[in-house]
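Structural features, examined
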Amino acid sequence: MSRFSFYQRFSRAFNGHPSLANILVVFSISGGGLVAYSESKSYDGVNIVNPSEVDSKKKRVVVLGTGWAGTSFLKSLKNSSYDVEVISPRNYFAFTPLLPSVTCGTVEARSIVEPIRNIVRKKDLDICYWEAECFKIDAKNKKVYCRSNQGNNLNGNEEFVVDYDYLVIAMGARSNTFNTPGVEENCHFLKEVEDAQKIRRTVIDCFERASLPNLSDEERKKILQFVVVGGGPTGVEFSAELHDFVNEDLVKLYPKVKDLVKITLLEAGDHILNMFDKRITAFAEEKFQREGIDVKLGSMVVKVSDKEISTKERGNGEISSMPYGMVVWSTGIGTRPVVMDFMKQIGQTNRRAIATDEWLRVEGCDSIYALGDCATINQRKVMEDISAIFSKADKDKSGTLTVKEFQEVVDDICERYPQLELYLKNKQMGSIVDLLKDSKGDVAKESIELNIEEFKKALSQVDSQMKNLPATAQVATQQGSYLANCFNRMEECEKNPEGPLRFRGEGRHRFRPFRYKHFGQFAPLGGEQTAAQLPGDWVSIGRSSQWLWYSVYASKLVSWRTRTLVVSDWTKRFVFGRDSSSI
Ligand code: FAD
């Protein structure tokens, strides 16, 4: 029996006899190690069970979160020299891009989730999973404090501490309400699978409520007023899904109220989908207008009561209110309290996300990594290191830099400072010579020589190309597999993985810094039309992109099981329409 399965079985038995928890000692056979449940400790007056005092030579890696970043890390981890403990209140991975489809029953909730135990069981590694949430990270003592989801079942021992050698924080983010009064209490969010299921039930409840006898048309209209706040990809996709659900399915079942339905999309900025190409934004706004989705631009929500939503118009500051049946709030992401507390502890206050370096190591912390929506990379600026770059490149120590000298190190500089490559591309500079020439005027290539001040001037605009990475599944998943690859080779490179600023001839970085590759983005707009913006500013809108969307999303699903279920849901929807039962 493998140590992992033994451990799992023991855990199950342990759940049945919680009173034995603190005294049991379990010998792990195949691993040869001793797994001990230590005695209870106290933290803030609460008894805490420490399940992770594993007498093992292996380094302990604790992963917080089973979302895109955490799961991608676990899937790519191959090095068996770690004891991996995964902690997350969700014992499954959810394919979030299909959440809007769940809100209207186009796809079933179960089709887009995969149990995390199913994902890790296929790996020949020591990985165990605890269904719990981390409520405190103690970076100083290398411990995380967790609380089980299982409530009363553990006889008051639902809190425990886990020690780590390496901590991977992949806890994602929460919906951002911007402290708008009434949002938390009265709005729906679209972040988790449960949110999507709740929205689906509420939409159907609204139709049933509006169909009851003895209601005036005015009252029915209020119930069937659906408001979506936030014109980003999620808000737009949900509005389009809801429009399709109403017009393709519900109108047949609720013919008496079909003309009273109204969908309003509120956006505080000038346009919806403003992170997309202008052609996509314009197409989406026109399409919504044609289909009767009321898009209100420059409209900022200031308050939501249990019956009305109040907005302030940007142009004239006028405040108006409208009654609603359901409000879906989708205005971006905020920081989870446990992450905020951790950031305070390590002196990273007044930030939205944990700052890491380009190797995803949390700044100012030892052995802690953060990735996905809860983190942001603090890209190193060229101008911060300009003198060091100059002196490394100036091989003959002449105090000036020739084109040849610079060309020899430019690949290393681009690897360490990706903004330089982006700058050259955006300025349509074919080579580094163009950049140097730019500051030197019209001089022959061979006679270009720059002193430090001229070199600074030549590179002074390069850092303007630095951008924060977007909070997307694409980024999170690439970071997860990047970090796993680092862990796979950790022994090789444990000491100072990036090294000092290194150039050719003096050894290269062992770990390359994380580089994000953008593969494009989709915005489903309903009616079997999708907008696609692919690398190279290639834009396509319409039915062909919808088929591209179907194939990309089907291929990105995490397992053959979910792939089969989702394709079958899409087929069922084409044949029978969406189900409107209120379950
Ligand atoms: P998440 O995937 O949110 O995972 C966080 C994990 O941490 C979860 O398992 C959670 O249970 C766990 N956790 C939470 N609190 C704790 C705690 N206290 N202790 C331990 N674990 C905890 N991106 C795209 O690229 N393309 C899309 O089409 C797209 N569509 C989207 C549609 C919707 C409706 C939404 C909501 C998001 C969409 N995104 C999309 C964004 C994408 O889902 C996120 O960027 C991605 O989920 C971030 O991954 P993550 O691992 O950082 O966080």
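Everything discussed here concerns the structure shown above.
1. Structural notes on the overall build of the protein
What the protein contains, in helices and strands, is 19 helices and 31 strands. Expressed as a percentage of the 583 residues in the protein, the buried residues total 53%. The long-range fraction of contacts in the protein, counting pairs at least 24 apart against all pairs at least 6 apart in sequence, stands at 64%. When the accessible surface of the protein is summed, it comes to about 27,800 Å², and 50% of that surface belongs to carbon and sulfur atoms.

2. Concerning the sheet that holds strand E29 (residues 521–526)
The 3 strands lie next to each other as E29-E30-E31, forming an open sheet whose pairing is antiparallel. Edge positions in the open sheet fall to E29 and strand E31 (538–542), since each of these has one partner strand only. The mean angle between the axes of side-by-side strands here comes to 10°, regardless of whether they run parallel or antiparallel. Running over the sheet, helix H18 (residues 543–556) touches E29, strand E30 (529–534) and E31 and is turned about 105° from E31.

3. Some words on a nonpolar patch on the surface
Residues Trp547, Phe574, Val575 and Phe576 make up a contiguous nonpolar surface patch of roughly 520 Å² in combined accessible area. Per-element tally for the nonpolar patch: the top contributor is helix H19 (residues 560–576), with 3 residues. Positionally, Phe574 belongs in helix H19. Residue Phe574 is classed as partly exposed on the basis of its relative accessible area, which comes to 45%.

4. Some words on the packing of H18 against H19
Put simply, H18 and H19 touch, their axes get as near as 8 Å, and they point 150° apart. When the axes of H18 and H19 are compared, the pair comes out roughly antiparallel. Of the two possible hands of crossing, H18 and H19 adopt the one that is right-handed. Across from Trp549, Tyr550, Tyr553, Ala554 and Ser555 in H18, the residues of H19 making contact are Arg563, Val567, Trp570, Arg573 and Phe574. Residue composition of the contact of H18 with H19, by class: 7 nonpolar, 1 polar and 2 charged.

5. Details of the packing of aromatic side chains
Within this structure, the stated rule accounts for 22 aromatic pairs. Ring geometry for Tyr166 against Phe487: centres 5.3 Å apart, planes inclined by 80°, an arrangement best described as edge-to-face. Taken as a pair, Tyr166 in strand E13 (residues 166–169) and Phe487 in helix H16 (residues 473–488) lie far apart in primary sequence, 321 residues in all. We note that Tyr166, like Phe487, is buried. Through successive ring pairs, a cluster of aromatic residues spans Trp68, Phe93, Phe95, Phe522, Trp547, Trp549, Tyr550, Tyr553, Trp570 and Phe574. In this structure, Arg416 is placed above the aromatic ring of Tyr417, and the distance from its NZ or CZ to the ring centre is 5.4 Å. The ring of Trp560 carries Arg563 above its face, with NZ or CZ at 4.4 Å from the centroid.

6. Here's the deal with the environment of Asp126
By secondary structure assignment, the location of Asp126 is in strand E10 (residues 126–138). The buried category is assigned to Asp126, whose relative accessible area is 18%. Separated by 42 residues in sequence, Asp126 and Val84 place their C-alpha atoms 6.0 Å apart.

7. A short note on the pairing of strand E12 (residues 159–163)
Along E12, 5 of the 5 residues are buried, which leaves the element largely enclosed by surrounding structure. As paired strands, strand E11 (residues 143–148) and E12 are joined by 5 bridges and run antiparallel to one another. Each bridged residue has a counterpart across the sheet, and for Val144 the counterpart in E12 is Val162.

8. Focus: unusual backbone geometry
Even without being glycine, Asn214 reaches a positive phi, approximately 60°. Counting through the fold element by element, Asn214 comes out in the loop between helix H6 (193–210) and helix H7 (217–223). Its relative accessible area of 78% is what places Asn214 among the exposed residues.

9. Digging into the pairing of strand E17 (residues 262–267)
Of all 6 residues making up E17, 5 are buried, and the element is well covered by its neighbours. Handedness of the β-α-β unit built from strand E16 (residues 225–229), helix H8 (residues 233–253) and E17 comes out right-handed. Of the pairings in the sheet, the one linking E17 to strand E18 (residues 294–297) comprises 4 bridges and is parallel in character. When the sheet's bridge partners are listed, Leu266 is paired in E18 with Lys296. For the handedness criterion, the β-α-β arrangement of E17, helix H9 (residues 278–291) and E18 is classed as right-handed.

10. Quick look at the sheet that holds E12
In spatial order, the strands read E12-E11-E10-E7-E6-E13-E25; together these 7 strands make up an open sheet with mixed pairing. The open sheet terminates on both sides in strands that have one partner only, identified here as E12 and strand E25 (368–370). Ignoring strand direction, the axes of neighbouring strands in this sheet form an average angle of 35°. Of the pairings in the sheet, the one linking E13 to E25 comprises 3 bridges and is parallel in character.

11. Considering the site of the ligand
As a structural note, the neighbourhood of the ligand is formed by 31 residues, with Ala69, Thr96, Cys134, Asp373 and Ala473 the closest of them. Here an oxygen atom of the ligand sits 3.1 Å away from a polar atom, N or O, in the main chain of Trp68. Interatomic distance of 3.2 Å between a backbone N/O atom of Ala471 and an oxygen atom of the ligand. With the chains in place, 90% of the 980 Å² that the ligand exposes on its own is no longer accessible. Secondary structure elements with two or more residues in the shell around the ligand: helix H2 (68–76), strand E7 (82–88), helix H3 (99–103), E10 and H16.

What counts, and where the lines are drawn
- Residues numbered from 1 in each chain as written.
- Predicted model: local features only at pLDDT ≥ 70, side-chain atom pairs only at ≥ 80, totals over all residues.
- Heavy atoms only, no water.
- Helix = DSSP H or I, 4+ residues; strand = E, 2+ residues; numbered from the N terminus.
- Buried < 20%, exposed > 50% of the residue type's maximum accessible area, 1.4 Å probe, protein only.
- Contact = heavy atoms within 4.5 Å.
- Areas by Shrake-Rupley, 256 points an atom, 1.4 Å probe, with all protein chains shown as cover.
- Pairing = 2+ DSSP bridges.
- Axes fitted to C-alpha atoms, helices over the stretch in contact; angles between N-to-C directions.
- Patch = residues over 30% accessible without salt bridge, like charges linked within 9 Å, V, L, I, M, F, W, Y side chains within 5 Å.
- Salt bridge = Lys/Arg side-chain N within 4 Å of Asp/Glu carboxyl O.
- Parallel < 35°, antiparallel > 145°, perpendicular 65-115°, else oblique.
- Left-handed = near helix turned anticlockwise from the far one by under 90°.
- Nonpolar A, V, L, I, M, F, W, Y, C, P; charged D, E, K, R; others polar.
- Phe/Tyr/Trp six-rings, centres within 6.5 Å; stacked < 30°, edge-to-face > 60°.
- Lys NZ or Arg CZ within 6 Å of the ring centre and 35° of its normal.
- Right-handed = clockwise from strand over helix to strand, strands pointing away.
- Near = heavy atom within 4 Å.
- Polar contact = N/O pair within 3.5 Å; in protein donor to acceptor, adjacent residues only side chain to side chain.

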